[in-house]
Amino acid sequence: EAWFLKVAGSAAQRSGVPDYIICIKGKFVAIETKREDGSGRASGQQKIECRRIQQAGGIAIISDDFKEIKKLLLGVYKSEDMW
């Protein structure tokens, strides 16, 4: 009931695309991961792309917290409101 793609950035790719593109029970989820030690910061373009995904009705987060990511994914999976 889920599909995902780990995005490997390249010069040919649009800037700011989140690290993981996921479809869970028909819901679009995008996750930009950062290092847990706080050394990684989201770029302005990454923030813009996440905002665009949210405006289009998808779920997008930038996180360095694995527990937060897991909670989000489980919440989407268990959600019953399908469109």
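Residues numbered from 1 in each chain as written. Predicted model: local features only at pLDDT ≥ 70, side-chain atom pairs only at ≥ 80, totals over all residues. Heavy atoms only, no water.

(A) The arrangement of the pattern of salt bridges in detail. Taken as a whole and judged by the stated rule, the model has three salt bridges. For Glu49, the salt bridge goes to Arg14, with nearest N and O atoms at 2.8 Å. Of this pair, Glu49 sits in helix H1 (residues 44-55) while Arg14 is found in the loop between strand E1 (2-6) and strand E2 (20-24), placing the two residues 35 residues apart along the sequence. By relative accessible area, Glu49 is classed as buried at 3%. Accessibility expressed as a relative area gives 56% for Arg14, which makes it exposed. Residue Glu32 is joined to Lys34 by a salt bridge in which the shortest nitrogen-to-oxygen separation is 3.2 Å. You can call Glu32 buried: its relative accessible area is 3%. (Salt bridge = Lys/Arg side-chain N within 4 Å of Asp/Glu carboxyl O. Helix = DSSP H or I, 4+ residues; strand = E, 2+ residues; numbered from the N terminus. Buried < 20%, exposed > 50% of the residue type's maximum accessible area, 1.4 Å probe, protein only.)

(B) View of the environment of Val17. On the secondary structure map, Val17 appears in the loop between E1 and E2. Separated by eleven residues in the primary sequence, Val17 and Phe28 have C-alpha atoms spaced 14 Å apart. With sequence-adjacent residues up to four places away left out, Val17 is seen in contact with Val7, Glu32 and Glu49. (Contact = heavy atoms within 4.5 Å.)

(C) The packing of aromatic side chains, seen in detail. Summed over the entire model, instances satisfying the criterion amount to zero aromatic pairs. Of note, Lys6 hangs over the ring of Tyr20, and the distance from its end group to the ring centre comes to 5.4 Å. For Lys25, the ring lying beneath its charged end belongs to Tyr77, and the centroid distance is 4.3 Å. (Phe/Tyr/Trp six-rings, centres within 6.5 Å; stacked < 30°, edge-to-face > 60°. Lys NZ or Arg CZ within 6 Å of the ring centre and 35° of its normal.)

(D) Molecular detail of the nonpolar core. In terms of nonpolar packing, the biggest core is built from eight residues, these being Ile22, Ile24, Val29, Ile31, Ile61, Ile69, Leu72 and Val76. When contributions to this core are tallied by element, the ones reaching two or more residues are E2, strand E3 (27-33) and helix H2 (66-78). Top contributing element to this core by residue count: H2, with three residues. Setting aside its immediate chain neighbours within four residues, Ile69 contacts Ile31, Thr33, Ile61 and Ser63. If you look at the next biggest cluster of nonpolar residues, it comprises six residues, including Ile21, Ala30, Cys50 and Ala60. (Core = buried A, V, L, I, M, F, W, Y, C linked by side-chain atoms within 4.5 Å.)

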